[in-house]
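# Observations on chain architecture
Next come the chains, spelled out residue by residue.
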Amino acid sequence: MNKTLAIANQKGGVGKTTTAVNLAASLAATGRKTLLIDMDPQGNATSAAGVTKNETDTLYAIYFEGKNIKDVIKESRDGYSIVPGGQELIALDVDIRDNHKQGFLASQLNEVQNAYDYTIIDTPPTLNQLTTEALLSSVGTLIPLQCEYYSLEGLTDLINTINALSSKTNTNNRVIGIIRTMVDMRNNLAKEVSRELELHFEKVLFNTLIPRNVKLAEAPSFGISALQHKADSFGAMAYLALAGELIRRVENE
Ligand SMILES: Nc1ncnc2c1ncn2[C@@H]1O[C@H](COP(=O)(O)OP(=O)(O)OP(=O)(O)O)[C@@H](O)[C@H]1O
Ligand SMILES: [Mg+2]
């Protein structure tokens, strides 16, 4: 079983990378072999995994320099593997379109199909070719979301895009879960938006709430997850709980 999941939200700074890295670390902690793919030119997941960005091969080398995905994989200190990202991916975004390489990542992932239980893809804050590649390669999408008013507007657009792409290309990507991030329930608007989500997206909304927690923000500067940084922090425990909920959701199907 290899479940490839994209983490996507075209809105910036909602906790995509924090979720990608801490979920990968939590899945690895449960003994699941996990591969994280950094599909973002910002390379935040790469540095959070303790790999120096822009000094290693990225997916660009796999698309255009004849490298095998296995050649570019690095190991994190959290027990998961990573395909690094970085600035090269800006060129990849353009070159995929110019060279009609859409769907190439999916074929490359077949190479490591049996080596991992989970493949998690972190995407940039825009619906460009990189994000589309991630969506085309995945069986499901996880959407991190801050409980703010505009988040609800963007959410419907994103779900429609995923469904349209899926039916147009005959891939079967679907939204597996919406994750409420940076939660502060003392905030009345957050409570209200959270209630709206429960009302309209009950089936896909994760029960686990990811709290605003400084350990989650600090950990990337050490190149590790919150679980390595401070295992009993609220942030680390929340992502462990989320991993548990995800495992129950996708492995019991
Ligand atoms: N639960 C949290 N508690 C505290 N800080 C958080 C939490 N989640 C994320 N952050 C911080 O918020 C900022 C944005 O988070 P992150 O980089 O994960 O978002 P993103 O959606 O990946 O951003 P981008 O769209 O730029 O890729 C970062 O500085 C991160 O450390
Ligand atoms: Mg990010």
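Let me begin by describing the structure that accompanies this report.

## Section: the site of ligand 1
Around ligand 1 there are 17 residues in total, and K16, T17, T18, P211 and N213 lie nearest to it. Between ligand 1 and the protein, one listed contact pairs an oxygen atom with a backbone N or O atom of T17 at 2.8 Å. Within the backbone of N213, a nitrogen or oxygen atom sits 2.8 Å from a nitrogen atom of ligand 1. Surface burial for ligand 1 is 79%, taken as the share of its 630 Å² of free accessible area covered by protein chains. If you tally residues by element for the shell around ligand 1, the top one is helix α1 (residues 16-29), at 3 residues.

## So, the packing of aromatic side chains
A complete count under the given rule lists 4 aromatic pairs for this structure. Ring geometry for Y63 against F104: centres 5.0 Å apart, planes inclined by 55 degrees, an arrangement best described as tilted. You can see Y63 sitting in helix α3 (residues 59-64) and its partner F104 sitting in helix α6 (residues 104-109), a full 41 residues away along the chain. Owing to a relative accessible area of 3%, Y63 belongs among the buried residues under this scheme. Seen from their ring centres, Y149 and Y150 are 5.8 Å apart, and the 55 degrees between their planes marks the pair as tilted.

## Some points on the pairing of strand β5 (residues 118-122)
Extensive coverage of β5 is indicated by the burial of 5 of its 5 residues. Two elements, strand β1 (residues 3-7) and β5, share 5 bridges in a ladder whose sense is parallel. Of the residues in β5, the one forming a bridge with T4 is T119. Sheet analysis places strand β2 (residues 34-38) next to β5, joined by 5 bridges and oriented parallel. Residue pairing for β5: D38 is matched across the bridge by D122.

## With respect to the nonpolar core
Core analysis: the biggest nonpolar cluster contains 42 residues, and L59, V83, I178 and L197 have the highest contact counts within it. For this core, the element with the highest residue contribution is helix α8 (residues 149-169), accounting for 6 residues. Ignoring any residue separated from it by four or fewer positions in sequence, one finds I178 in contact with I143, L145, L155, F201, V204, L205 and F206. Ranked by size, the runner-up nonpolar core spans 34 residues in total, among them L23, A28, A236 and Y239.

Parameters at a glance
- Residues numbered from 1 in each chain as written.
- Chains lettered and ligands numbered in written order.
- Predicted model: local features only at pLDDT ≥ 70, side-chain atom pairs only at ≥ 80, totals over all residues.
- Heavy atoms only, no water.
- Near = heavy atom within 4 Å.
- Polar contact = N/O pair within 3.5 Å; in protein donor to acceptor, adjacent residues only side chain to side chain.
- Areas by Shrake-Rupley, 256 points an atom, 1.4 Å probe, with all protein chains shown as cover.
- Helix = DSSP H or I, 4+ residues; strand = E, 2+ residues; numbered from the N terminus.
- Phe/Tyr/Trp six-rings, centres within 6.5 Å; stacked < 30°, edge-to-face > 60°.
- Buried < 20%, exposed > 50% of the residue type's maximum accessible area, 1.4 Å probe, protein only.
- Pairing = 2+ DSSP bridges.
- Core = buried A, V, L, I, M, F, W, Y, C linked by side-chain atoms within 4.5 Å.
- Contact = heavy atoms within 4.5 Å.

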